[in-house]
Amino acid sequence: MYPVELTTPMAQDLTNFGFQSLSTAEDVDNALSKSGTTLLVVNSVCGCAAANARPGAKMATQNDKAPDNMVTVFAGVDNAATAKAREHLLPYPPSSPAIALFKDGKLVHFLERHHIEGRSAEIIAQNLKMAFDRYC
């Protein structure tokens with residue numbers, strides 16, 4: 001577990017933007033089984049989450065087509081929720097940060113850490129916008 005004083009501002013970066021924070025396994029199951037589209041960000045304390053993943057996810061939602069729902073879990077903080085989210089992300093291995101798009105409860109687009117690390121927020125946003133245009 002990371003200290004809450006450390007992670008609160010990182011979590012608020014998304015929740016202040018409109019992402020719903022999920023803290024239990026039940027919250028995750030409910031959110032990811034909704035009809036329509038749901039964007040999930042597996043948040044993290046690492047630098048690529050701050051510089052690339054969170055800004056890229058936020059930029060992407062400023063698109064003509066955007067997900068119906070935006071949710072987040074915090075790896076190393078929301079342990080039960082993160083574990084449940086990772087079950088929904090199978091067959092992909094655990095990754096944080098990560099960004100996933102679900103449509104009608106099915107995973108349709110996924111960015112693992114290796115897709116995020118070393119790429120700019122703008123490139124991540126463009127990748128997600130293409131997925132939104134296709135699935136939202």
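Procedures and definitions
- Residues numbered from 1 in each chain as written.
- Predicted model: local features only at pLDDT ≥ 70, side-chain atom pairs only at ≥ 80, totals over all residues.
- Heavy atoms only, no water.
- Buried < 20%, exposed > 50% of the residue type's maximum accessible area, 1.4 Å probe, protein only.
- Helix = DSSP H or I, 4+ residues; strand = E, 2+ residues; numbered from the N terminus.
- Pairing = 2+ DSSP bridges.
- Core = buried A, V, L, I, M, F, W, Y, C linked by side-chain atoms within 4.5 Å.
- Contact = heavy atoms within 4.5 Å.
- Salt bridge = Lys/Arg side-chain N within 4 Å of Asp/Glu carboxyl O.
- Right-handed = clockwise from strand over helix to strand, strands pointing away.

Burial analysis of strand β3 (residues 69-74) places 6 of its 6 residues in the buried class, the great majority of the element. Of the two faces of β3, both are covered, the one formed by N69, V71 and V73 as well as the one formed by M70, T72 and F74. Two strands pair when backbone bridges link them, and strand β1 (residues 20-21) and β3 are joined in this way by 2 bridges, in the parallel orientation. Of the residues in β3, the one forming a bridge with S21 is T72. Taken together, the 6 bridges between strand β2 (residues 37-43) and β3 define a ladder with parallel strand orientation. By the bridge assignment, V41 is partnered in β3 with T72.

What follows deals with the sheet that holds strand β5 (residues 106-111). Across the sheet, which stays open at both edges, the 5 strands sit in the order β1-β3-β2-β4-β5 with mixed pairing between neighbours. With one partner strand each, in any of the chains shown, β1 and β5 form the two edges of the open sheet.

With 21 residues, the main nonpolar core has F19, I99, I116 and L128 as its most contacted residues. Every element with two or more residues in this core is listed here: β2, α3 (47-60), β4 (98-103) and α6 (121-135). The element that contributes the greatest number of residues to this core is α6, accounting for 6 residues. Once you skip the residues sitting within four places of it in the chain, L128 turns out to touch G56, A57, A60, I99, H109 and L111.

As a further point, take the side chain of T7. Mapped onto the elements of the fold, T7 is located in helix α1 (residues 4-15). The class for T7 is buried, based on a relative accessible area of 3%. Residue contacts for T7: discarding those within four places in its chain leaves Y2, V45, F74 and V77.

By the secondary structure assignment, V45 is in the loop between β2 and α3. Along the primary structure V45 and L107 are separated by 62 residues, whereas in three dimensions their C-alpha atoms are 24 Å apart. With near-sequence residues (within four places) excluded, V45 lies in contact with Y2, L6, T7, M10 and F74.

What follows deals with the pattern of salt bridges. Here the structure, examined in full by the defined rule, presents 5 salt bridges. Here E87 and K84 are joined by a salt bridge, their closest N and O atoms 3.0 Å apart. One end of the pair is E87 and the other is K84, both in helix α4 (residues 79-88) and 3 residues apart, which spans about a single turn. Owing to a relative accessible area of 48%, E87 belongs among the partly exposed residues under this scheme. With relative accessibility at 19%, the residue K84 sits in the buried group. Between R113 and E117 there is a salt bridge; the shortest N-O distance is 3.2 Å. According to the relative accessible area criterion, R113 is partly exposed, its value standing at 28%. For E117, a relative accessible area of 41% corresponds to the partly exposed category.

In this section: the pairing of β2. Counted residue by residue, β2 has 7 buried out of 7 residues, so it is predominantly covered. Judged from the 6 bridges that link them, β2 and β4 form a sheet pairing that is antiparallel. Its bridge partner lying in β4, V41 is registered against I99. In the classification by handedness, the crossover that spans β2, the intervening α3 and the parallel β3 is right-handed.

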